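As a plain string of letters, each chain reads:
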Amino acid sequence: IDQYAAFGELTYSLDDQWSFIVGGRWFSTKRDRDFQLYQPADLIQEDDNPVKTTDDFAKKASVRYRIDNERMVYALYSEGYRNGGENIVRDGAVLPREFDADKLKNYELGFKSRWLDGRLQANLSVFHMAWDNFQTELSDPGELFATMVVNAGDATIDGAELDLAFAPIDGLDLG
C-alpha cells in the first residue's frame, strides 16, 4: 500500500472572542497485492489482484467563541475515512472477499473551561457521528475458521463526554 496525503488548517480570528477554522486532508492510496498460499510445500491458492487506487478529501470546519481567557464554547464538523481492502479468502468462505471504504461525519458542540486559578479543568462535549458503510471484523461461518473484515452497514453514535481534572495542591492531579 502506498499512500500520499496533504493536510492543513487555516484559522481566522475575527476578534479576541471569535475564531473560524477550516481544514482538510487530501489523500491518495494505491493498493497492489499478490497472494500465494502454500500448504505445506505445494501451492494451493494464488491470487493476483488488480491495482486499486482511491483519492478523497476529508473536511473540517469549526467555530470557537471565547467567553473569557478561561472559558470557550465551540462547534465542530469533521470527516473521517478508512480505506477499503481485501480479505485473504480460502475455499469455503462465506463472507465477501472485498470490503469497501467507510466514512464518518462528526458533529460536535463543546465547552472547555478552567476554574480556581487553573487548578480545575472542566470540559464537556456532545456529539453525533454518522458512519457510512461501517467496517468491522467477523468470524466467517464457512468451513475454515477465519476472521475477516466486512462492511456492516450504516451506524450512528450519539454521546456526551465530560472531562474533569483537579490539582488541589502542587504535585497532586486528580482526574
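Residues numbered from 1 in each chain as written. Predicted model: local features only at pLDDT ≥ 70, side-chain atom pairs only at ≥ 80, totals over all residues. Heavy atoms only, no water.

Asks: Explain the environment of P50 here, please?
Replies: On the secondary structure map, P50 appears in the loop between β4 (43-48) and β5 (52-68). By relative accessible area, which is 54% here, P50 ends up exposed. Along the sequence, P50 and I169 sit 119 residues apart, while their C-alpha atoms lie 62 Å from each other. (Helix = DSSP H or I, 4+ residues; strand = E, 2+ residues; numbered from the N terminus. Buried < 20%, exposed > 50% of the residue type's maximum accessible area, 1.4 Å probe, protein only.)

Asks: I tried to follow the layout of surface pockets on my own but got confused; where do I start?
Replies: Empty pockets left among the atoms are what a rolling probe the size of a water molecule brings to light. The calculated volume of the largest pocket comes to roughly 240 Å³. If you trace the largest pocket, you find 15 residues lining it, with R31, T54, N83, G84 and G85 closest to the centre. Those elements that place two or more of their residues in the lining of the largest pocket are β2 (18-31), β5, β7 (85-86) and β8 (98-99). By residue number, the principal contributor to the lining of the largest pocket is β5, which donates three residues. Split by residue class, the lining of the largest pocket holds four nonpolar, six polar and five charged. (1 Å grid on protein atoms, 1.4 Å probe; cavity = no way out; pocket = protein on both sides within 12 Å on 5 of 7 lines; lining within 4 Å. Points joined across faces, edges and corners; volume = space filled by probe spheres on them. Nonpolar A, V, L, I, M, F, W, Y, C, P; charged D, E, K, R; others polar.)

Asks: Would you mind showing me how to read the sheet that holds strand β13 (residues 155-169) here?
Replies: Where strands meet in a sheet, backbone hydrogen bonds hold them as pairs that are either parallel or antiparallel. One open sheet accounts for eight strands, arranged β1-β2-β5-β6-β9-β10-β13-β14; its pairing is antiparallel. Either end of the sheet is taken by a strand with one partner, and the two such strands are β1 (2-13) and β14 (172-174). Strand-to-strand twist of the sheet, defined as the mean angle between neighbouring strand axes without regard to direction, takes the value 15 degrees. The pairing of strand β6 (residues 71-82) with strand β9 (residues 102-115) spans twelve bridges and is classified as antiparallel. Among the inter-strand pairings, G80 is bridged to a residue of β9, identified as L104. (Pairing = 2+ DSSP bridges. Axes fitted to C-alpha atoms, helices over the stretch in contact; angles between N-to-C directions.)

Asks: Would you explain the packing of aromatic side chains in this entry?
Replies: Geometrically, a pair of aromatic rings is defined through the distance of the ring centres and the angle of the planes. Scanning the model with the defined rule gives five aromatic pairs in all. On the basis of an interplanar angle of 10 degrees and a centroid distance of 6.4 Å, the ring pair of W18 and F20 is categorised as stacked. Classification of W18 by relative accessible area gives partly exposed; the value is 34%. The interplanar angle of 50 degrees and the centroid separation of 4.7 Å between the aromatic rings of W18 and Y65 together place this pair among those described as tilted. Within this pair, whereas W18 is found in strand β2, its partner Y65 is found in strand β5, the two being separated by 47 residues in sequence. In textbook terms, an aromatic cluster arises when at least three aromatic residues are bridged by ring pairs, as seen for W18, F20 and Y65. The ring of W115 is capped by R71, whose NZ or CZ atom sits 4.1 Å from the centre of that ring. (Phe/Tyr/Trp six-rings, centres within 6.5 Å; stacked < 30°, edge-to-face > 60°. Lys NZ or Arg CZ within 6 Å of the ring centre and 35° of its normal.)

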